[in-house]
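Architecture and fold: a report
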Amino acid sequence: MSRKLVLVGGGHAHVQVIRALAERPEPDLAVTLVTDRLLTPYSGMLPGHIAGFYSHAEMHIDLGRLARVSGVALITSATNGIDRASRHVRTTDGRKIPYDILSLNVGITPDLSGITGAGRHGMAVKPISTFLERLDALLTDAARPDGPRRIVLVGGGAAGIELALALKARLRDVATAGRPFRIAIAAGNRLVPTLNAGVGQRVRAALARHGVTVLDSFHVVDIHADGIRSEDGRFVEADAVLLSTAAKAPSWLAETGLATADGGFLSIASTLASITDPAIFAVGDCATVIADPMPKAGVFAVRQGAALTGNIRRALRGEPLMPHRPDRNFLTILMTGDGSAIAGRGAWLAMAGRWVWWWKDWIDRRFMRRFSEFRREA
């Protein structure tokens, strides 16, 4: 009988597993993808899409097509549980899907509990698919003469910076005379705190050049219908508030009996396998490597793809799993919305220019072509 690999979620790591196993199949292995969305967004292209550089199709991987050309069975449904004793995945439409090896790449949900009013008046950036639906509505409203004009992004990290500049680029030609858009970033500590000082200087200069206001040391505690308030009492008016801050794991993971870390993220070893159940892998934002926790960023999920594929193959063969050691000193490239970009790495490397944007664009398009143009050889 065929062994059964079930992939829950069509994230950055799982699409690589699907392609790799189609290129070099494992004997007697049946692969099933379980997902409630047939289009998976590539986070690296989100700012470019918002700025108008990429279409909706260009920044999404068509999971239906990828599964079809890869020989993978596709079940379109959300997952809401795992029966580890009988090794079945449960879906919201009542199905039970058997597995020998299971991998979870199910992303995150926003954690708005630390900010009063965030759930009612804020717009979380994650998950991206939901955010894009709400953003489209915001942009439609913004096109009206009496539409929203004051937009604040909460979070001074790389994601917040790119989104602010992308929105500024997108809305540049929309504003009605006399009612310009005002975009601000509420930075809790400092801008891009995980990147070096040279990158920070270039980021601040780009924001100033494009008229994006930086609210330094602005720790948001309340969001109201008409603005945001910091813990030191400052109030800034806003018509729309976007949050690129804290997140947590999907709630159903807590009911699986698998060990979890802070935020409900699945606790995994450096091999990407659950520390509770070696038949279950977890990757991307939904999991935390206990020995070496990493930031929740798409770049890490992308880099887990090859390691996950290798360890799935080893698990199928009964071989010891290999640890995955991600490089913390990775290159970060931030789009500025004007055909340029800022890049940084480590403690000192920082550069900016149009050529940096061309480089990022080439990297991102090449990644997407791996799936949009893939066809399994007969």
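Summarised in this report is the structure supplied together with it. Keep in mind that this is a model prediction, so the values were computed, not measured.

What counts, and where the lines are drawn
- Residues numbered from 1 in each chain as written.
- Predicted model: local features only at pLDDT ≥ 70, side-chain atom pairs only at ≥ 80, totals over all residues.
- Heavy atoms only, no water.
- Helix = DSSP H or I, 4+ residues; strand = E, 2+ residues; numbered from the N terminus.
- Expected span 1.5 Å × (residues − 1).
- Bend = angle between axes of the 7 residues up to and from the residue.
- Buried < 20%, exposed > 50% of the residue type's maximum accessible area, 1.4 Å probe, protein only.
- Contact = heavy atoms within 4.5 Å.
- Axes fitted to C-alpha atoms, helices over the stretch in contact; angles between N-to-C directions.
- Parallel < 35°, antiparallel > 145°, perpendicular 65-115°, else oblique.
- Left-handed = near helix turned anticlockwise from the far one by under 90°.
- Nonpolar A, V, L, I, M, F, W, Y, C, P; charged D, E, K, R; others polar.
- Pairing = 2+ DSSP bridges.
- Core = buried A, V, L, I, M, F, W, Y, C linked by side-chain atoms within 4.5 Å.

A look at helix α8 (residues 298–317)
Given a rise of 1.5 Å per residue, 20 residues ought to cover 28 Å, and the 29 Å separating the end C-alpha atoms of α8 matches this to within 8%. At Gly-305, α8 is deflected by roughly 35 degrees, the largest bend along its length. Those residues of α8 not exposed but buried are Phe-300, Ala-301, Gln-304, Gly-305, Ala-307, Leu-308, Thr-309, Gly-310, Asn-311, Ile-312, Arg-313 and Leu-316. Elements in contact with the buried residues of α8: β1 (3–8), α1 (12–23), β2 (29–35), β9 (101–104) and β21 (280–282). Once α8 ends, the next one or two residues include Gly-318, with phi positive near 75 degrees.

Considerations on the packing of α1 against α8
Between α1 and α8, the least distance of the axes is 7 Å, while the angle of their chain directions is 40 degrees. Comparing the axis directions of α1 and α8 gives the class oblique. For the pair α1 and α8, the crossing hand works out as right-handed. In contact with His-12, Ala-13, His-14, Gln-16, Val-17, Ala-20 and Leu-21 of α1, α8 contributes Gly-298, Ala-301, Val-302, Gly-305, Ala-306, Leu-308, Thr-309, Ile-312 and Arg-313. Each residue belonging to the contact of α1 with α8 can be placed in one class, and the counts come to nine nonpolar, six polar and one charged.

Re the sheet that holds strand β17 (residues 235–237)
Strand order in the open sheet made by the three strands is β15-β16-β17, with antiparallel pairing throughout. Each of the sheet's edge strands pairs with one partner strand only, and the pair in question is β15 (220–224) and β17. Taking each pair of neighbouring strands and ignoring which way they run, the sheet shows an average axis angle of 20 degrees. Pairing between strand β16 (residues 227–230) and β17: three bridges, direction antiparallel. Directly across from Arg-229, in β17, lies its bridge partner Phe-235.

Comments concerning the nonpolar core
Counting 104 residues, the largest nonpolar core has Leu-46, Leu-102, Leu-104, Leu-167, Leu-191, Val-203 and Leu-207 as the members making the most contacts within it. Look past the residues within four positions of Leu-104 in its chain and what remains in contact with it is Val-8, His-14, Ile-82, Trp-252, Leu-253, Leu-266, Ile-280, Phe-281, Ala-282, Val-283 and Cys-286. Formed by 14 residues, the second largest nonpolar core is a distinct cluster that contains Ala-184, Phe-218, Val-220 and Leu-243.

A word on the sheet that holds strand β12 (residues 150–154)
Neighbouring strands of a sheet are bound in pairs by backbone hydrogen bonds; such pairs are parallel or else antiparallel. Taken in spatial order, the five strands line up as β11-β18-β12-β13-β14 in an open sheet, and their pairing is parallel. At either end of the open sheet lies a strand with only one pairing partner, and these are β11 (122–124) and β14 (213–215). Pairwise comparison of adjacent strand axes, ignoring direction, gives a mean angle of 25 degrees for this sheet. Two elements, β12 and strand β13 (residues 182–186), share five bridges in a ladder whose sense is parallel. Bridge pairing links Ile-151 to Ile-183 in β13. Most of the contacts of helix α5 (residues 128–142) go to β11, to which it runs at about 135 degrees, and overall it touches β11 and β18 (240–243).

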